[in-house]
Amino acid sequence: MSETTDFGPFRLCPDNRVLQRDGADVVLGSRAFDILVALVAARGTVLTHRELMAVAWPGMVVESSNVRVQVANLRKALGCGRDGVRYIGSVAGRGYCFVAQAHAAGVGTSSPGPYAANDAWPSFHADRARPNLPAPLQRALGRDECVAELSQRVLDHRLVTVVGAGGAGKTTLAVLVAHAVDAFDDAVFFVDLSTVMREDMVLEAVAACVGYHPTGPVLLAGLVEVLSTRPTLIVLDNCEHLIDAVARLVTQVLAQSQRVSFLNTSREALRVDGEHVYLLRPLAFPPHTGRLTAGQALAWPAVRLFMDRAREGGAPYALDNRDAATVAAICRRLDGNPLAIGLVASRVGTYGIHGVSDLLANQLALHWQGRRNAVPRHQTVEAMIDWSHDLLPERDRQVLYRLSVFSGAFSMEAAIDVVSDEVIRAHQASEAIGDLIDKSLVSVSAGEGGTWIRLLETTRAYAAERLADTRVRDEVARRHAVHYAGRLQRGAAGNAAEAPQASDLGNVRLAMEWCFAAHHDLTLGAQISSLATPWLLEQSLLDECKRCCARALALLPEPLRSSRVELTLLESLAIARYTMGDYEGEMTSVVERGLAVSASLDDAGATFHLLAGLHLAMMANGRFPDSLDVAVRYAALAATRGGPCETIIAGWMAGSSRHYSGDQIAADANFASSAQLLVQQGMRPLRYFEMKEQVIAVASTARVKWLRGFPLQALDVARRVIEDSRRHPDSLYISVVLCFSILLHNKLDDEAERLIQDLADVANEYKMGTRVQMAHFLTGRVMLHRGHAEEAAWHLGQCLDMLPPPKLTVIRTEALQAMAEALRQQEDGAGALAAIDEAIALAETTGGRFSIAQLLRTKAEVLQILPGTKPSRVAMLLARAKDCAREQGALGGGAYERS
């Protein structure tokens, strides 16, 4: 991309490497700039993490999290999310796409997709209509560029064939072009071959349309003589069922006359010399980017066609924001096929948008009747596919049926592996798939990792109905499940070429569904689940991972209990629950069961990992004495079964527990010992819970330094852990939340506020379980620091309402203390006292006494505004606060005096 592009208030100049907002330069890092250029140039196409890595880090191997970080920075620079504006959308499991309207600088706005937003072909007037052609549509949504391109093709080449799936609009496009081109005057003839059933009648049908009526038999020489009197264009519509006869005819006519041109429509190319194939793509539809407004959706021609047909069918309303994502999903499910979209949309007036969506999921739309004046093959989706299906030999039909077990895109290797058996051999399956591609029943595209094929969703539903009627349905489904189990297994073993990709997700889901449905194969289902769940975690599909693990564990066959399969499922489930903020009893029970299984398998590595997870769960639930017991248990095991790395982790765990329990001197010693050993010995790659222990330990080190009176060291460590966490953005939450007070006490509220936006980007990407609560908590702290007590109290109240005990008692305690301060500033003494008393009680109950000195000091300040408070009582609280701080070794950082 080299042209200057405008979007919203921005102007992007790739050649000069400049991004401007309202004329002022926007500062972007070089990699963020390269990613922005690639996304804008893709015009709504989803770019994978791998593609963006190749753009921003050419020739380098980097983690995909680097892309997430750069995109998060880019969103922040563009102001994504402010006032509902979005420029970059995330597509779960795939990548990112540019979702705003963009256009060349100085040119009118275009849609984010590949077609212009205002794409009605100019109206055709009666004096331009050609007598030998059907009347053109007054409006062909999304086909402006197609008409222009194809018109030029017809002028440049004498034999052009428009190839596309049934219902794609080939006839509509050909008629528009036939009316549009001026090189043939009125010598343009339209031949509808759909009513011609015999090959020997093709010549007669063409002769009749051009007005050649000999007294004897129709001869090719006579037809050529008639056609050669002037430049002539013949439109042969629906050639697929007569493909050989059509190929012979056009070859002979073109060889004998230089004044004749052909424009054909077919679901299959003629494959003759001189033919130029024009592949007609579906109407553009919105990518799956989550939230979508009506205005954004209507920028795509598939959605506009849907709403046009819905209104024609009696729907009395326009598209609104609530239904925009549903209509976009319907258009995606129908693959942008105009005929299918029209048939489905015509039922909106009867069933409503969501009713149509539900019925479509049940495949009922295959049989819905379309317009009565449509040709029979276009009156239902089923009839449209029947037209192509009935032309297939039996072998190709069976292969088509079997391919319906796939979801979305799949490789040719997968297709052959699943389809072939003792009846249809591998080479026969390969030939049949090639034939289906030629006939537009299977589409092919180049994508991440090679060439991918897929069935249109309507074709898949059609084929699935017919496969269900055969005896091989379960056999094919089993081969499909076995194929993806093998792929997951090889990927887990480190075979990068076999590692599953985002496009495999739908097929992995289908494989598991079949295994568990009707208990087809519970053992295979559990094995696939155990292989898939770590991958789901990598894709940040936490809810799905949790459901997948829960189902597999509930249906786990007895031979797999206490096996490696169960252990993997338990670990993945514990990780999903923790990441989603689900720390309560169920996570603890999952970890305890995992520890029992790992012990029975004598798997020390899993035991260490799960103990770290148990420790984190205890801390998150405010069970600090219990968490210290787990840390001691981990250290004892590390002494007998571990090495230096486990000793380092044991120090992290013990230090964190002691910090929150209020023993800052011992915590500082634990952290220092682990830090020294880390420098001496290094560290092996950490597993999930171990990485979280490291982040918490380093962030807690900053807090300990601050409490002990080393503010410069504390700030240095806090900033370092926040920056390091950006490499693993899901850890950024932990480091920011734990170090936030240090930033505020150093009067870095602007920096703190920017971090809140960074966390919002991470939360949307990783679907963090406590993202809303944390946003309110941190925003309330900033507002309080800036003196906006009323606004601070509102945000803190929202946090407290959504964060009931025992979840994250550390955060709840700090939020209650901040709430007490905000209410005190508003002179609400009773409310402030209730808040601080609850905070003190929570700290005492949980053993989280690290903040008790601060809490007592805050209570003393609250009491000072209450009428009738004795000065001696305030003095006593301040003395207690100082004693607690001295006892904990926490005489700095505002532990007992106001910072």
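Residues numbered from 1 in each chain as written. Predicted model: local features only at pLDDT ≥ 70, side-chain atom pairs only at ≥ 80, totals over all residues. Heavy atoms only, no water.

Engineer: An account of the pattern of salt bridges is needed here, citing residue identities and associated values.
Structural biologist: In the structure shown here, the tally under the stated rule is 47 salt bridges. Across the salt bridge formed by Glu571 and Arg687, the nearest N and O atoms sit 2.7 Å from each other. Here Arg687 lies in the loop between helix H28 (664-681) and helix H29 (688-707) and Glu571 lies in helix H23 (residues 564-579), a separation of 116 residues in the sequence. Bridged by salt links that share partners, the residues Lys76, Glu723, Arg726 and Asp758 form one connected network. (Salt bridge = Lys/Arg side-chain N within 4 Å of Asp/Glu carboxyl O. Helix = DSSP H or I, 4+ residues; strand = E, 2+ residues; numbered from the N terminus.)

Engineer: Help me get a handle on the sheet that holds strand E10 (residues 188-192), residues and values and all.
Structural biologist: With respect to topology, 5 strands assemble into an open sheet ordered E10-E11-E12-E9-E13, the strand pairing being parallel. Looking at the sheet topology across the chains shown, the edges are occupied by E10 and strand E13 (276-279). Averaged over neighbouring strand pairs, the angle between their axes works out to 20° when direction is ignored. Its contacts with the sheet place helix H4 (residues 144-156) against strand E9 (159-163), strand E11 (232-237), strand E12 (260-266) and E13, and it is angled at close to 175° to E13. (Pairing = 2+ DSSP bridges. Axes fitted to C-alpha atoms, helices over the stretch in contact; angles between N-to-C directions. Contact = heavy atoms within 4.5 Å.)

Engineer: Provide a residue-level description of the confidence of the model for the chain, including the pertinent values.
Structural biologist: With 89% of its residues at a pLDDT of 70 or more, the chain has an overall mean of 85. Segment residues 107-128 is flagged for pLDDT under 50; beyond a separation of four residues in sequence, or across chains, it makes 61 contacts in the model. In the model, residues 895-899 has pLDDT below 50 throughout and makes 17 contacts with residues more than four positions away in sequence or in other chains. (pLDDT = per-residue confidence, 0-100.)

Engineer: Give a description of the packing of helix H20 (residues 505-516) against helix H22 (residues 542-554) that names residues and reports values.
Structural biologist: Packing of H20 against H22 brings their axes to within 12 Å, and their N-to-C directions diverge by 25°. Considering their axes alone, H20 and H22 lie roughly parallel with respect to each other. In terms of crossing hand, the pair formed by H20 and H22 is left-handed. Between H20 and H22, the contacting residues are Arg509, Met512, Glu513 and Phe516 on the first element and Glu544, Cys548, Arg551 and Ala552 on the second. The residue makeup of the contact of H20 with H22, split by class, is 4 nonpolar, no polar and 4 charged. (Parallel < 35°, antiparallel > 145°, perpendicular 65-115°, else oblique. Left-handed = near helix turned anticlockwise from the far one by under 90°. Nonpolar A, V, L, I, M, F, W, Y, C, P; charged D, E, K, R; others polar.)

Engineer: Account for the sheet that holds strand E3 (residues 18-21), with residues named and values stated.
Structural biologist: Overall, antiparallel pairing links the 5 strands, which are arranged E4-E3-E2-E1-E8 in an open sheet. In this open sheet, the two edge strands, each paired with only one partner strand, are strand E4 (24-25) and strand E8 (103-104). Pairing between E3 and E4: 2 bridges, direction antiparallel. Looking at the pairing, Gln20 lines up with Asp25 of E4. Contacting strand E1 (5-7), strand E2 (10-13) and E3, helix H1 (residues 30-42) crosses the sheet at an angle of about 100° to E2.

Engineer: Residue-level account of the packing of helix H35 (residues 809-825) against helix H36 (residues 829-846), with values.
Structural biologist: At their nearest, the axes of H35 and H36 sit 8 Å apart, and the two run at 160° to each other. Put simply, H35 runs roughly antiparallel to H36. In this structure, the crossing between H35 and H36 has a hand that is left-handed. Where H35 approaches H36, its residues Thr809, Arg812, Thr813, Leu816, Gln817, Met819, Ala820, Leu823 and Arg824 are matched on the opposing element by Gly831, Ala832, Ala835, Ile836, Glu838, Ala839, Leu842 and Thr846.

Engineer: Describe the pairing of E12, with residues and values.
Structural biologist: Counting buried positions over the 7 residues of E12 gives 7, a clear majority of the element. Side chains of E12 alternate between two faces, with Val260, Phe262, Asn264 and Ser266 and Ser261, Leu263 and Thr265 buried alike. Where E9 and E12 come together, 5 bridges link them in parallel fashion. Bridge pairing in E12 places Val160 opposite Leu263. Where E11 meets E12, 5 bridges bridge the pair, whose relative direction is parallel. By the bridge assignment for E12, Ile234 is matched with Phe262. The parallel pair E11 and E12 is bridged by helix H8 (residues 243-256), and the resulting crossover is right-handed. (Buried < 20%, exposed > 50% of the residue type's maximum accessible area, 1.4 Å probe, protein only. Right-handed = clockwise from strand over helix to strand, strands pointing away.)

Engineer: Quick one: what's the story with unusual backbone geometry, residue by residue and with numbers?
Structural biologist: The residue Ala518 is not glycine, and still its phi comes out positive at about 55°. Position of Ala518 among the secondary structure elements: in the loop between H20 and helix H21 (522-538). Here the phi dihedral of His519 falls at roughly 55°; this positive angle occurs in a residue that is not glycine. Considering the arrangement of structural elements, one finds His519 in the loop between H20 and H21.

Engineer: So what about the nonpolar core? Which residues, and what values?
Structural biologist: Leu403, Ile528 and Phe689 are the most contacted members of the largest nonpolar core, which totals 178 residues. The greatest single-element share of this core, amounting to 12 residues, is contributed by helix H25 (residues 604-620). Leave out the neighbours within four places in its chain, and Phe689 touches Ala574, Ile575, Tyr578, Met587, His609, Ala612, Gly613 and Leu616. Formed by 32 residues, the second largest nonpolar core is a distinct cluster that contains Phe189, Tyr212, Val260 and Phe262. (Core = buried A, V, L, I, M, F, W, Y, C linked by side-chain atoms within 4.5 Å.)

Engineer: Describe in detail the packing of aromatic side chains, supporting the description with residues and values.
Structural biologist: Summed over all chains, the structure comprises 12 aromatic pairs. Aromatic side chains Phe406 and Phe410 sit 4.0 Å apart centroid to centroid with 15° between the ring planes, which places their arrangement in the stacked category. Accessibility assignment for this pair places Phe406 and Phe410 in one class, buried. Judged by centre distance (5.9 Å) and plane angle (85°), the rings of Tyr578 and Phe689 are edge-to-face. With Tyr578 in helix H23 and Phe689 in helix H29, the pair connects residues that are 111 residues apart, well separated along the chain. Residue class for Tyr578 comes out buried when judged on its relative accessible area of 9%. Of the residues examined, Phe689 reaches a relative accessible area of 0% and is grouped as buried. Taken together through their ring pairs, the aromatic side chains of Phe7, Phe10, Tyr87 and Phe98 make up a single cluster. (Phe/Tyr/Trp six-rings, centres within 6.5 Å; stacked < 30°, edge-to-face > 60°.)

Engineer: So what about the environment of Leu755? Which residues, and what values?
Structural biologist: Its place among the elements puts Leu755 in helix H32 (residues 749-766). Assessed through its relative accessible area of 4%, Leu755 is described here as buried. Taking C-alpha positions, Leu755 is 9.2 Å from Phe740, a pair spaced 15 residues apart along the chain. For Leu755, the residues in contact, after removing those within four places along its chain, are Ile722, Arg726, Val736 and Leu743.

Engineer: Can you break down H29 residue by residue, with the values?
Structural biologist: Its 20 residues give H29 an end-to-end C-alpha distance of 29 Å, which sits within 8% of 28 Å, the value for a rise of 1.5 Å per residue. Extensive coverage of H29 is indicated by the burial of 17 of its 20 residues. Once H29 ends, the next one or two residues include Gly709, with phi positive near 100°. (Expected span 1.5 Å × (residues − 1).)

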